[in-house]
Amino acid sequence: MKNLSILIIFALIGFWSCNQAPQKPKADPFPGLLDKAKSTFSPLPASADNPDNPVTAEKVILGQTLYFDNRLSKDESVSCNSCHDLQTYGVDNDPTSDGVGGQKGDRNSPTVLNAAFHFTQFWDGRAKDVEEQAGGPILNPIEMAMPDQEAVINRLAAIKGYQEMFAAAFPGEEQPVNYKNLEKAIGAFERKLITPSRFDEYLMGYEEALNNEEKKGLQTFMDVGCTACHSGTVLGGNMYQKFGLAGNYWDFTSSAKVDNGRFLVTNNESDKFLFKVPSLRNIEKTHPFFHDGSITDLGEAVKIIAKLQLNKDLTDQEVSEIVTFLKTLTGTVPEELAKAPEMPV
């Protein structure tokens, strides 16, 4: 009797199963999107190596200490972190930054996060890498205002703690406390400032890392043509582009000053209004936008850049979709690197 009951149950289950309509797999609302994204972008690597400056733990801690040390400025009031605050995604969220004596520069301070992946440094590309860039602001009379390299090194060499740290970071050198090594140390530290985000998980094949609204934003971003400039590992940072292909940028940004861009470095007429294309990594957090910090709202910046560079008038819906995608590029600053270490004495 028991066996008969079991047979009846199995028969009923089989009958019920056979009478159920087969479940159709859900159609992918964004077919081919991931493959297209993979052909346009690439995930952030785990490291940003420079064969001329191998990253070591000793260099990184020295560079981190120098980065946060106000003593690198003339009146000991400004550090690298003052303008590139690692607690606020490597920027100070001001249109232009305050230097020694409250002096203001002409350009917005770009984020240092992921900067080591850029093909050149500064808005006008006047430094080839983060090592060369690190030495510039210290001697800039508006920024940190040290008179010359010798004054910087004399100040550091008088600090016993720095003597020991430089010796550990550059073993075997007779005079390790020198300006080139300062640049290398800060550069090594900045090469650790890498902020992967959910978008990297998506590019690595985890499609659930983005929701459908974010995928729609990615699709709109690519369909509109933003990838003409914003592609690759950091979605930018890999070319120069004239700001204002379809009009004068200052007519749209109400900029207080017209900046000739890379022309000021090369004196080539063709370089007028040419700037390095900024990375879109962490763009949600690194306002205000453009080289002069003239626009504070990300949606407005998207609308302006589409008109100036692509001659397209985006709808509010398109802007909203793109902004939704851009927020997936926000990563996390490595906690152990974002705070000031103990200063040497």
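The shown structure was predicted, so the numbers you read here are calculated from the model rather than taken from an experiment.

### Re the overall build of the chain
When helices and strands are tallied, the chain shows 14 helices and 2 strands. Its C-alpha atoms put the chain at 100 × 55 × 30 Å along the principal axes. Buried positions account for 49% of the 345 residues belonging to the chain. When contacts within the chain are restricted to residue pairs at least 6 apart in sequence, long-range pairs at least 24 apart make up 71% of them. Carbon and sulfur atoms make up 53% of the accessible area of the chain, which amounts to about 17,300 Å² in all. For the chain, the separation between the mean place of its 33 positive charges and that of its 47 negative charges on side chains is 5 Å.

### Some points on the confidence of the model for the chain
When the pLDDT values of the chain are averaged, the result is 94; 93% of them are 70 or greater. Of the regions scoring below 50 in pLDDT, residues 1-18 engages in 0 contacts with residues more than four places distant in sequence or in other chains.

### Topic: the pattern of salt bridges
Counted under the stated rule, the structure contains 15 salt bridges. Put simply, lysine 303 and aspartate 316 hold a salt bridge, and the shortest N to O gap is 2.8 Å. Placement of lysine 303 in helix 13 (residues 298-310) and of aspartate 316 in helix 14 (residues 316-326) is noted, with a sequence separation of 13 residues between them. Under the relative-accessibility criterion, lysine 303 is labelled partly exposed at 34%. Overall, aspartate 316 belongs to the exposed group, its relative accessible area being 59%. Residues joined by salt bridges that share partners form a network here, namely Arg107, Asp124, Arg126 and Asp259.

### With respect to unusual backbone geometry
Across the junction of histidine 287 and proline 288, the peptide omega takes the value -5°, indicating a cis bond. Its place among the elements puts proline 288 in the loop between strand 2 (274-276) and helix 13. Even without glycine at this site, tyrosine 89 takes up a positive phi of about 60°. Structurally, tyrosine 89 is set in the loop between helix 4 (80-83) and helix 5 (130-139). At asparagine 114, a residue that is not glycine, the phi angle is positive and equals roughly 65°.

### Digging into helix 7 (residues 160-169)
Of the residues making up helix 7, those classed as buried are Gly161, Tyr162, Met165, Phe166 and Ala169. Projected down its long axis, helix 7 shows its buried positions confined to an angular sector of 125°, all on one face. Of the surrounding secondary structure, the elements contacted by the buried residues of helix 7 are helix 3 (57-68), helix 6 (149-157) and helix 8 (179-190).

### Examining the environment of glutamine 175
Looking at where glutamine 175 falls in the secondary structure, it is placed in the loop between helix 7 and helix 8. In this structure glutamine 175 comes out as exposed when scored by relative accessible area, which is 58%. For glutamine 175 and glutamine 87, which are 88 residues apart along the polypeptide, the C-alpha to C-alpha distance reads 34 Å.

### Quick look at the layout of surface pockets
Each pocket or cavity is described by its volume, and for the second largest pocket that value is around 190 Å³. Around the second largest pocket, the lining residues are Asn50, Asp52, Asn53, Lys128, Asp129, Glu131, Glu132, Lys180, Glu183 and Lys184. Breaking the lining of the second largest pocket down by element, the ones donating at least two residues are helix 5 and helix 8. Of the residues forming the lining of the second largest pocket, the biggest block, 3 residues, is contributed by helix 8. Tallied by class, residues from the lining of the second largest pocket come to no nonpolar, 2 polar and 8 charged.

### As for the nonpolar core
Counting residues in hydrophobic clusters, the biggest one holds 39 residues, and the most contacted among them are Phe41, Phe199, Tyr202, Leu218, Phe221 and Leu326. Those elements that place two or more of their residues in this core are helix 2 (33-40), helix 9 (198-203), helix 10 (212-224), helix 13 and helix 14. Among the elements that make up this core, the one with the highest residue count is helix 13 (6 residues). Excluding anything up to four places from it in sequence, phenylalanine 199 contacts Phe41, Leu210, Leu218, Leu235, Phe325, Thr328 and Leu329. Counting 37 residues, the second largest nonpolar core, distinct from the first, contains Ile153, Ile159, Tyr162 and Phe166.

### Side note on the packing of helix 3 against helix 7
With their axes 8 Å apart at the nearest point, helix 3 and helix 7 run at an angle of 145° to one another. Regarding helix 3 and helix 7, the two cross each other, and that crossing is left-handed. For the pair helix 3 and helix 7, contact is made by Glu58, Lys59, Ile61, Leu62, Thr65 and Leu66 and by Tyr162, Met165, Phe166, Ala168 and Ala169, respectively. Looking at the contact of helix 3 with helix 7 residue by residue, the class counts come to 8 nonpolar, 1 polar and 2 charged.

### Some words on the environment of glutamine 163
You can see glutamine 163 is positioned in helix 7. Taking C-alpha positions, glutamine 163 is 9.8 Å from valine 345, a pair spaced 182 residues apart along the chain. Residues contacting glutamine 163, with those up to four places away along its chain left out, are Ala157, Ala158 and Val177.

### Description of the side chain of serine 279
Turning to its location among the elements, serine 279 is positioned in the loop between strand 2 and helix 13. In terms of polar contacts, serine 279 uses its side chain to reach the backbone amide nitrogen of arginine 281, at 3.0 Å. When neighbours within four sequence positions are excluded, serine 279 is seen to be in contact with His118, Val234, Leu235, Gly236 and Gly237.

Procedures and definitions
- Residues numbered from 1 in each chain as written.
- Predicted model: local features only at pLDDT ≥ 70, side-chain atom pairs only at ≥ 80, totals over all residues.
- Heavy atoms only, no water.
- Helix = DSSP H or I, 4+ residues; strand = E, 2+ residues; numbered from the N terminus.
- Buried < 20%, exposed > 50% of the residue type's maximum accessible area, 1.4 Å probe, protein only.
- Contact = heavy atoms within 4.5 Å.
- Areas by Shrake-Rupley, 256 points an atom, 1.4 Å probe, with all protein chains shown as cover.
- Lys, Arg positive; Asp, Glu negative; His and termini not counted.
- Charge placed at Lys NZ, Arg CZ, Asp CG, Glu CD.
- pLDDT = per-residue confidence, 0-100.
- Salt bridge = Lys/Arg side-chain N within 4 Å of Asp/Glu carboxyl O.
- Arc of directions from axis to C-beta.
- 1 Å grid on protein atoms, 1.4 Å probe; cavity = no way out; pocket = protein on both sides within 12 Å on 5 of 7 lines; lining within 4 Å.
- Points joined across faces, edges and corners; volume = space filled by probe spheres on them.
- Nonpolar A, V, L, I, M, F, W, Y, C, P; charged D, E, K, R; others polar.
- Core = buried A, V, L, I, M, F, W, Y, C linked by side-chain atoms within 4.5 Å.
- Axes fitted to C-alpha atoms, helices over the stretch in contact; angles between N-to-C directions.
- Left-handed = near helix turned anticlockwise from the far one by under 90°.
- Polar contact = N/O pair within 3.5 Å; in protein donor to acceptor, adjacent residues only side chain to side chain.

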